[in-house]
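What follows is the residue order along each chain.
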Amino acid sequence: TIAARYLKRQRGLARDALARLAPEDGARDENEPEEALEAPLSLNARRVDAVIEVLREAGAERVIDLGCGEGTLLRALLADRRFTHIAGMDVSPRALERAAKRLRLDGLAPRQRARLELFQGSLTYRDARLAGHDAACLIEVLEHVDEARLPAVEEVVFGGARPGLVVLTTPNREYNVRFEGLGAGERRHPDHRFEWSRAELATWAEGVAGRRGYGVRFAGIGDADPEVGPPTQMAIFEREAAS
């Protein structure tokens, strides 16, 4: 109704607008195709382990998982008492409901429950709740965002929230040729708006770091193929002291 009224009942424009908005609401709910593809490599678990290791090395205590989905990373964070405050944000209310069930939110001891908060929000809109964290994680999230919206994500994460540490993982497109059953040019998940090569991630990440006063370094997750690199790539942004 809002879209139709705003666009003065022009059905074509309203239909296009709703088509762009709808996938964002459910993009993180149904990850079965990607999980099935990556399962033989245990990539989901290896990503979580790699991110936790970076957070521990940095001494982060207050951590927010942006695009938390069903709470895989949140569960690992909750199990480690060095993380004193843990927040999970997702655009999908359904994903947050699943996360609450998976984390057994209603049955947590009061002290554990006080460490954790879940809330609905979008990576493309400034939100005061995102500020005040030592570290922000974007685990297999960026590729679900239209490339035209990446400047908005940059502003929200690196301009508004501005944590000391940002840990981001995303598929390495070059590795896709090693997946059986994935055709040439196909992406790992039908909702992925893009999948970057290592050079493409480096170009974007170094641009963000330079504009926002961060340093950035890169790492691979999963066994690296000598020709096409690792299946998952990770960018680790650390805010520079003077910024």
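Relevant structure appears above.
Residues numbered from 1 in each chain as written. Predicted model: local features only at pLDDT ≥ 70, side-chain atom pairs only at ≥ 80, totals over all residues. Heavy atoms only, no water.

A. Molecular detail of the nonpolar core. Judged by nonpolar contacts, the single largest core of 30 residues is most densely connected at L66, W204 and F237. Element by element, the count of residues in this core is highest for helix α8 (residues 150-161), at six residues. Residues in contact with F237, not counting those within four places in the same chain, are F158, G164, L165, V166, W204, A205, V208, A209, Y214, G215 and V216. In this structure, C68, L77, I139 and V167 belong to the second largest nonpolar core, which totals 27 residues. (Core = buried A, V, L, I, M, F, W, Y, C linked by side-chain atoms within 4.5 Å. Buried < 20%, exposed > 50% of the residue type's maximum accessible area, 1.4 Å probe, protein only. Helix = DSSP H or I, 4+ residues; strand = E, 2+ residues; numbered from the N terminus. Contact = heavy atoms within 4.5 Å.)

B. Representation of the pattern of salt bridges within the structure. Taken as a whole and judged by the stated rule, the model has 19 salt bridges. Measuring nitrogen to oxygen at the nearest pair gives 3.0 Å for the salt bridge that ties D80 to R82. Residue D80 is classed as buried on the basis of its relative accessible area, which comes to 9%. Notably, a salt bridge pairs R173 with E200, separated by 2.8 Å at the nearest N-O pair. Of the two residues, R173 sits in the loop between β5 (165-171) and α9 (198-212) while E200 sits in helix α9, which places them 27 residues apart along the sequence. Here the residues in one salt-bridge network are R126, E154, E155, R211 and R212, joined through shared partners. (Salt bridge = Lys/Arg side-chain N within 4 Å of Asp/Glu carboxyl O.)

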